[in-house]
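# Topology and contacts: notes
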Amino acid sequence: MNQFDSEITSIFAGRVVRKDLVRKIKVGANVPVFVLEYLLGKYCATDDPVAIDAGLRIVNATLADNFVRPDEANKAQSKVREKGRHTLIDKLKVRYLSDDDKYWAELLNFGHKYVHVPEHYVRTYDRLLMGGVWAQIEIQHSYDEEAKGKRSPFWIEAIKPIQLASFDLDEYRAGRRQCSTDAWIDLLIRSVGLEPTHFDRRRKLLLLIRLIPLCEQNYNLVELGPRGTGKSYGFQELSPYAILMTGPTTVANLFYNMASGKIGLVGLWDAIAFDEVADLQNMPKEVVTTLKTYCESGSFARGKDALSGTASIAMFGNTNQPVEVMVRSSHLFTPMPEVIREDMAFLDRIHYYIPGWEIPKMRVEFFTNQYGFIVDYLAEALRELRRHNFTEVLDRHFALGAHLNARDVKAVRKTVAGLMKLIYPDGIINKEELAELLELAIEGRRRVKEQLKKMGSFEYHQTSFSYIDNTSRAEHFVGVPEEGGRNLIATDPLAPGSVYSAAVDDQGKVGLYRLEVGVSVGTGKLRITGSVESSMKEAIQRAFAYLQGQKVAMGIAQALDTTDFHIEAIDLLLNRSPCDAGIATIVAIYSALKKHPVQAGMLILGDLSIQGNIKPVRSLAEPLQVGMDNGARRALIPTPNKRNFMDVSADIVERVDPIFYSDPLTAAMKALGMN
């Protein structure tokens, strides 16, 4: 036993177990991990090989003789009848029936719902009434002489819980204070069965973020990544208070059954995970609608009642493309089912997006042979910590930047609170440690907002997330490693014939394009290459028709008649939002003919009619904000939009110089800096 294991087994005596022993037994026993680890912690919590071998024999013998398989319920009942008395390992629940004025026990695998149970056990182990516990149960068979009510031949004589019957949070926190932060993080990683020496600090923290739904109420988590990275393991094996959904469900099952009057899964479990988020596609639309409401406030309406729950929601899915391809060709929510993939209101409720592509696929050498917490003990700690609030911790040293709206602030606070509960459950944390958690929390929320912004809605344009040091007032900006869509507008002059243009549609969605005009000797023909949306193609053709009609006045008649033009429109945001780029087309062709580039960092707005009348943009704020975020330093703006300039925020006014024009020729001359 190394020094780390020796210290841990001393601090948390009887609360830790060697994880390789769990794997050895788990292969041959279909028993929950927390049950196995409890037994191993009881009989194998030593470094003596002889004692460990003896303990393993006891555990295996106990499971072989006493564990009841669900398909052997009748055999087990018969065995109790024939022997008169027998010890079982099963999950035991107790409920009170007012009709009988009596407590009845239910043994899950034993298959009997009416077993007599002494009332003093109900008072001693209150968890029997709250979902039940796994236990060693001594049960006997004898005649029931009850004259009225239900009768049952099965009587419980003794109960020995093999889950924790009680938990002391103060003891857990005291143990944490005896460990360094690095040692504690390694202990948590080993507790989920992994060897921390194979992971760097960032990957360790990402692995721990998977556990936040178990310790933070109403936390919404998404992880999309390659298969085989262990995304859903924590919800399947680590906690008896979490449920992993592996198929479609209904509103009645998930939220509230109006026929029976019973609350659904959100009221029964601490965390609900969807193993394949794609299953949402096969669920009734009402499920997704209700889930969207629940993810916002933890409440929902069914019939005449407004109900609430505290269950956190985790959604896991698989990616089929490298992250570089998703960033370049679409957005990071692409693997989500169609029913929510483009539902920005739903996606905006997600508190954290774990970059699953950063977590390696699980290999044999990643599994630890060292000591970690018995998962039932860890599960109890996380459940107890759900009652505590750490959302105000970041205010000790930091404030959040102006670009974080109310949902962003809530998401960041809840993530910091969850990481506090996992790593600093005693609430003791210094400024540097808090900054580490805060930056990670901001990154995960910004990853969500960057995708919403990429989908093209101006509502989500503010993604320059930051935090401010309360002492120095220094502002620190936090990015995301795979961040795309930044500085798309070059600060150096483009080649003649190339321009940037933007427009906003009636939904507030901004399209940002680079138009490139290639010229060759010809007869004045126009060819539009690539796939261009119909309204944008019409705007380009309309602008070219205007040039042909005004070529003499513009002094380009000979050049226009002896040149063929090839125009390509490149969608820089990849959101397929059209752009009425009439003025941009005129400027690009004029630039190509004059062999003169437009001014560096220039963004061109506006369109024109067939007669050359300037058509203003719907709104200035959205395209200018997108332009500024992507490197624009000046903007060519229709004069009719001058009155809208008052609606533009001060930071845009400071960073983007407006250049107004009233006709196409003036626009071309000013864009090239020739006026």
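Residues numbered from 1 in each chain as written. Predicted model: local features only at pLDDT ≥ 70, side-chain atom pairs only at ≥ 80, totals over all residues. Heavy atoms only, no water.

- The name an unreviewed UniProt entry gives the protein chain is Protease Lon-related BREX system protein BrxL, with Candidatus Viridilinea halotolerans as the organism.

### Here we look at the packing of aromatic side chains
- What the rule picks out here adds up to 25 aromatic pairs.
- Note on Phe 12 and Trp 184: the rings are 6.1 Å apart at their centroids and 45° apart in plane angle, and the pair reads as tilted. With a gap of 172 residues between them, Phe 12 in the loop between α1 (3-11) and β1 (16-18) and Trp 184 in helix α8 (residues 181-191) connect regions that are remote in the sequence. The same class applies to Phe 12 as to Trp 184, namely buried.
- When the centroid spacing of 5.7 Å and the interplanar angle of 65° are considered together, the rings of Phe 544 and Phe 565 count as edge-to-face. Here the residue Phe 544 occupies a position in helix α21 (residues 534-550), and Phe 565 occupies one in strand β23 (residues 563-571), the gap between them amounting to 21 residues. By the burial criterion, Phe 544 is buried, and Phe 565 matches it.
- Across the ring face of Trp 104, the terminal group of Lys 102 is positioned such that the distance to the ring centre comes to 5.0 Å.
- Cation over ring: Arg 383 sits above Tyr 241, and NZ or CZ is 4.0 Å from the ring centre. (Phe/Tyr/Trp six-rings, centres within 6.5 Å; stacked < 30°, edge-to-face > 60°. Helix = DSSP H or I, 4+ residues; strand = E, 2+ residues; numbered from the N terminus. Buried < 20%, exposed > 50% of the residue type's maximum accessible area, 1.4 Å probe, protein only. Lys NZ or Arg CZ within 6 Å of the ring centre and 35° of its normal.)

### Some details on the pairing of strand β27 (residues 634-638)
- For β27, the buried fraction is high: 5 of the 5 residues fall into the buried class.
- Residues Arg 634, Leu 636 and Pro 638 line one face of β27 and the alternating positions Ala 635 and Ile 637 line the opposite face, and both faces are buried.
- Across 3 bridges, the pairing between strand β24 (residues 602-604) and β27 is parallel. In the sheet register, Leu 603 faces β27, and the bridge partner there is Ala 635.
- Across 5 bridges, the pairing between β27 and strand β28 (residues 657-661) is parallel. Bridge pairing in β28 places Ile 637 opposite Phe 660. (Pairing = 2+ DSSP bridges.)

### Focus: the side chain of His 331
- Relative to the helices and strands, His 331 is located in the loop between α15 (323-329) and α16 (338-341).
- Assessed through its relative accessible area of 8%, His 331 is described here as buried.
- Within the structure, the side chain of His 331 is placed 3.3 Å from the side chain of Glu 342, a separation counted as a polar contact.
- In contact with His 331, not counting residues within four places along its chain, are Met 326, Arg 341, Glu 342, Gln 451, Lys 454 and Met 455. (Polar contact = N/O pair within 3.5 Å; in protein donor to acceptor, adjacent residues only side chain to side chain. Contact = heavy atoms within 4.5 Å.)

### Quick look at the domain arrangement of the protein chain
- According to the domain assignment, the protein chain contains domain 1 (72-161), domain 2 (169-366), domain 3 (388-477) and domain 4 (498-672).
- The straight-line distance from the C-alpha centre of domain 2 to that of domain 4 is 45 Å. (Domains from an automatic or database assignment.)

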